[in-house]
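So you can see what is in the structure, the chains are spelled out below.
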Amino acid sequence: MADVQNATLAGGIAIASSVGAVIQAWTAILIGGLAGAMSVIGFVVIAPWCTRRFGVKDTRGVFSLHALPGSIGALGGIISTAALPEGNRFNDNVKHLFNNRMEAGWDASDQALYQFFGLLVMAARLRLPRHTGDR
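Residues numbered from 1 in each chain as written. Predicted model: local features only at pLDDT ≥ 70, side-chain atom pairs only at ≥ 80, totals over all residues. Heavy atoms only, no water.

A.B. asks: Can you lay out the overall build of the protein for me, pointing to particular residues and giving the numbers?
C.D. replies: Looking only at helices and strands, the protein features six helices and zero strands. Seen in sequence order, the protein has helices and strands lined up from the N terminus as α-α-α-α-α-α. Each of the 135 residues in the protein was classed as buried or not, and the buried ones make up 31%. Across the protein, the fraction of contacts at a sequence separation of at least 24, relative to all contacts at a separation of at least 6, is 66%. (Helix = DSSP H or I, 4+ residues; strand = E, 2+ residues; numbered from the N terminus. Buried < 20%, exposed > 50% of the residue type's maximum accessible area, 1.4 Å probe, protein only. Contact = heavy atoms within 4.5 Å.)

A.B. asks: Explain the side chain of Ser39 to me, using residue names and the numbers behind them.
C.D. replies: Topologically, Ser39 is positioned in helix H2 (residues 25-54). Residue Ser39 is classed as buried on the basis of its relative accessible area of 0%. In terms of polar contacts, Ser39 uses its side chain to reach the backbone carbonyl oxygen of Ser64, at 3.1 Å. (Polar contact = N/O pair within 3.5 Å; in protein donor to acceptor, adjacent residues only side chain to side chain.)

A.B. asks: Tell me about the environment of Ser64, and please be specific about residues and values.
C.D. replies: Following the sequence through the fold, Ser64 ends up in helix H3 (residues 62-83). Take Ser64: its relative accessible area is 1%, and that puts it in the buried class. Between the C-alpha atom of Ser64 and that of Val44, which follows or precedes it by 20 residues, the distance is 9.3 Å. Aside from chain neighbours lying at most four places away, what touches Ser64 is Ser39, Gly42, Phe43, Ala47, Asp58 and Pro69. In this structure the side chain of Ser64 is engaged in a polar contact, spanning 3.2 Å, whose partner is the backbone oxygen of Gly42.

A.B. asks: Any details on the packing of helix H1 (residues 2-16) against H3? Residues and values, ideally.
C.D. replies: Running from N to C, H1 and H3 cross one another at 45°; their axes reach a closest spacing of 8 Å. In terms of orientation, H1 lies oblique with respect to H3. The element H1 and its partner H3 pack so that their crossing is right-handed. Along the contact surface, H1 presents Asn6, Leu9, Ala10, Ile13 and Ala14, while H3 presents Leu65, His66, Pro69, Gly70 and Gly73. Split by residue class, the contact of H1 with H3 holds six nonpolar, four polar and no charged. (Axes fitted to C-alpha atoms, helices over the stretch in contact; angles between N-to-C directions. Parallel < 35°, antiparallel > 145°, perpendicular 65-115°, else oblique. Left-handed = near helix turned anticlockwise from the far one by under 90°. Nonpolar A, V, L, I, M, F, W, Y, C, P; charged D, E, K, R; others polar.)

A.B. asks: Just give me the short version of H2, but keep the residues and values in it.
C.D. replies: Along H2, the sharpest kink reaches roughly 45°, centred on Gly42. Turning to H2, its buried residues number three or more, namely Thr27, Ile31, Gly32, Ala35, Gly36, Ser39 and Gly42. Backbone geometry just downstream of H2 places Gly55 in the positive-phi region, at approximately 75°. (Bend = angle between axes of the 7 residues up to and from the residue.)

A.B. asks: Tell me about a nonpolar patch on the surface, and name the residues and values.
C.D. replies: Where nonpolar side chains cluster on the molecular surface, the patch consists of Leu113, Tyr114, Phe116, Phe117 and Leu120 and spans about 480 Å² of accessible area. Note on placement: Leu113 falls in helix H6 (residues 108-132). On the accessibility criterion, Leu113 (43% relative accessible area) is partly exposed. (Patch = residues over 30% accessible without salt bridge, like charges linked within 9 Å, V, L, I, M, F, W, Y side chains within 5 Å. Areas by Shrake-Rupley, 256 points an atom, 1.4 Å probe, with all protein chains shown as cover. Salt bridge = Lys/Arg side-chain N within 4 Å of Asp/Glu carboxyl O.)

Right under this line is the structure:
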């Protein structure tokens, strides 16, 4: 039962980080389902493997419940932002959410590229404590 609860939370986390205002319902279901499945895999497979292999214990499930679904949501946001054409029915939401995009003259691919760089910064930050000696 805990896996179902965590998967439900993971779906919400993924949608919150994937620009939920500009995607359609089927896309939200797809992203949420993938994030829920990845969260369960994280709890059941990845977390025990990390404990055995590296001695790292995720006692609160932060990696499986937030990092994995957030990354899937970020990828979904990148794809939905890049695929969202200008002037569609979500155009007002896009102007509101990405007002700097409109002011700077970015197109959808520029916005997706910046979001991808943000995802890379997050991934680099996950490894940073290991390199600095913090635990």
